[in-house]
Amino acid sequence: MTDLSLKMLHRFYEQLWQIRFFEGHVQRLAASGEVPGFPHLSTGQEAVAVGVCANLTEGDMLFSGHRAHGHVLAKGSDPYATFCEVIGRQDGLCQGRGGSMHLVDVSTGMLGATGVVAGNLSLAAGAAWAAQVANKEKIAVVFFGDGATGSGVFHETLNLAGLWQLPLLFVCENNGMAEFTGREEHSDVAKVSAFAAPYGISAQTIDGNDVLVVNAAARSAIQGIRAGSGPYLLECMTYRMAGHYVGDAQHYRSKEEMATMKEKDPIERLRLHLLAKGDSAEELEAIMQRVKAEMTAVVDRARKAAHPDPATVMDYVYSADFPGREENAKWN
Ligand SMILES: Cc1ncc(C[n+]2csc(CCOP(=O)(O)OP(=O)(O)O)c2C)c(N)n1
């Protein structure tokens, strides 16, 4: 955990702020009606995306769900194209056709986000299986929430992943909530990691709000997967600082709970770590201000980007017109 260079730690700090500011703009613009659909923010959960994706190569394949912005940015997608997609512009990752819950960027290995809870798990297993059959070194990673573990496909996927020893990392972002329902109200299985053992899969539950802990655990799990030891389930205990979706009034949270939020904030935790390592508060403030200015510029530019031409509404519906077809062939 302590072997990371200062450069790497600063990179993490930048990436955490990048996601935080990106989603801050999504929240602001959603409130004024500029974001189609219901965006879901990962505010407070950013350390999972950053810590895991730091260990992936461009060839590795990523799958996400409805809370995907952080995963996409951490895997390396262009923030401008990602923001354009969220606000439905032609310059977006999917030419503005997908929106917040359907982000895809084949060029970075981000093979798909979905609004179907748990729907990404079996797709990730398929991608991992394809890599295994083709004897390729790459792995697949799937991010999902603790609510998804109540779905049958979660267990079906664990079963086949264990049986076939797929190169697949399951990353559960356990924020203790499924929409507005606490975990204890929908499951007696306290730890998601406990689901792995019956399927012969190694697993661990870690502090998902500490990017250094996530990075170290992901590194070790991914090294094992690449070395051929089969799938791994990493349960990251985290905290959703925002509502379930933008606009959620969060009546299910007490004032006391809201007051303790900052203690859990992964950005503040890394900031304290960097201060203890000798960084000055001014240096860290300067990094934050730079990322903030960069993201403001990205969003200003995205808001001026063109909407897709209505005459092209049928484009990309059939595979012959799929814009990433050649790129996509790389993954087969
Ligand atoms: C198959 C399916 N069932 C129900 C829903 C409605 N839904 C959207 S988010 C959500 C809760 C998901 O909780 P979790 O998996 O823990 O993810 P989190 O929102 O906490 O990130 C539900 C039930 C859905 N989108 N898809």
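Residues numbered from 1 in each chain as written. Predicted model: local features only at pLDDT ≥ 70, side-chain atom pairs only at ≥ 80, totals over all residues. Heavy atoms only, no water.

Trainee: Let's hear about the overall build of the protein: which residues, and what values?
Mentor: Within the protein, the secondary structure is distributed over 13 helices and eight strands. A compact globule built from 332 residues should have a C-alpha radius of gyration of about 20 Å, and the protein, at 19 Å, falls within 12% of that. Its C-alpha atoms give the protein principal-axis dimensions of roughly 55 × 50 × 40 Å. For the protein, buried positions account for 53% of its 332 residues. Once local pairs closer than 6 in sequence are excluded, the contacts in the protein between residues at least 24 apart make up 75%. Carbon and sulfur atoms make up 55% of the accessible area of the protein, which totals about 14700 Å². (Helix = DSSP H or I, 4+ residues; strand = E, 2+ residues; numbered from the N terminus. Rg over C-alpha atoms; globule rule 2.2 N^0.38 Å. Buried < 20%, exposed > 50% of the residue type's maximum accessible area, 1.4 Å probe, protein only. Contact = heavy atoms within 4.5 Å. Areas by Shrake-Rupley, 256 points an atom, 1.4 Å probe, with all protein chains shown as cover.)

Trainee: Would you mind going over the site of the ligand in detail, with residue names and values included?
Mentor: The local shell around the ligand holds 14 residues, among which His66, Arg67, Gly115, Gly147 and Asn175 are the closest. Between the ligand and valine 117 there is a distance of 3.2 Å, counted from a nitrogen atom to a backbone nitrogen or oxygen. Aspartate 146 places a main-chain nitrogen or oxygen 3.2 Å from an oxygen atom of the ligand. Relative to its unbound accessible area of 580 Å², the ligand is 70% covered by the protein chains. The cavity that encloses the ligand is the largest pocket. (Near = heavy atom within 4 Å. Polar contact = N/O pair within 3.5 Å; in protein donor to acceptor, adjacent residues only side chain to side chain. 1 Å grid on protein atoms, 1.4 Å probe; cavity = no way out; pocket = protein on both sides within 12 Å on 5 of 7 lines; lining within 4 Å. Sits in = over half its atoms within 2 Å of the grid points.)

Trainee: I'd like a description of the sheet that holds strand β1 (residues 61-64), backed by residues and values.
Mentor: The strand order across the open sheet formed by six strands is β2-β1-β3-β4-β8-β7, and the pairing between neighbours is parallel. With partners counted over all chains shown, the strands left at the sheet margins are β2 (110-113) and β7 (202-207), one partner each. Between one strand and the next, the sheet's axes are offset by a mean angle of 15 degrees, whatever the strand orientation. Contacts from helix α6 (residues 152-164) reach β3 (140-145), β4 (168-174) and β8 (232-237), with the element oriented near 150 degrees to β4. Running over the sheet, helix α8 (residues 211-226) touches β4, β7 and β8 and is turned about 165 degrees from β7. (Pairing = 2+ DSSP bridges. Axes fitted to C-alpha atoms, helices over the stretch in contact; angles between N-to-C directions.)

Trainee: Go over the packing of aromatic side chains, please, and point to the residues and values.
Mentor: Under the criterion given, the structure shown has ten aromatic pairs. Their ring planes at 20 degrees and their centres at 5.0 Å tell us that tryptophan 17 and phenylalanine 21 sit as a pair that is stacked. Residue tryptophan 17 and its partner phenylalanine 21 are located together in helix α1 (residues 6-31), separated by four residues, close to a single helical turn. Both residues of the pair, tryptophan 17 and phenylalanine 21, count as buried. Ring geometry for phenylalanine 154 and phenylalanine 195: centres 5.7 Å apart, planes at 80 degrees, overall edge-to-face. Of the two residues, phenylalanine 154 sits in helix α6 while phenylalanine 195 sits in the loop between α7 (183-186) and β7, which places them 41 residues apart along the sequence. On the accessibility criterion, phenylalanine 154 (0% relative accessible area) is buried. (Phe/Tyr/Trp six-rings, centres within 6.5 Å; stacked < 30°, edge-to-face > 60°.)

Trainee: Can you tell me about a nonpolar patch on the surface, naming the residues and giving the values?
Mentor: Among the surface-exposed residues, Trp129, Val133, Leu160, Leu163 and Trp164 lie close enough to one another that they form a single nonpolar patch of about 530 Å² accessible area. Elements with a minimum of two residues in the nonpolar patch: α5 (119-133) and α6. Take the nonpolar patch: its biggest share by element is three residues, from α6. Mapping valine 133 onto the fold places it in helix α5. Of the residues examined, valine 133 reaches a relative accessible area of 57% and is grouped as exposed. (Patch = residues over 30% accessible without salt bridge, like charges linked within 9 Å, V, L, I, M, F, W, Y side chains within 5 Å. Salt bridge = Lys/Arg side-chain N within 4 Å of Asp/Glu carboxyl O.)

By themselves these figures say nothing about function.
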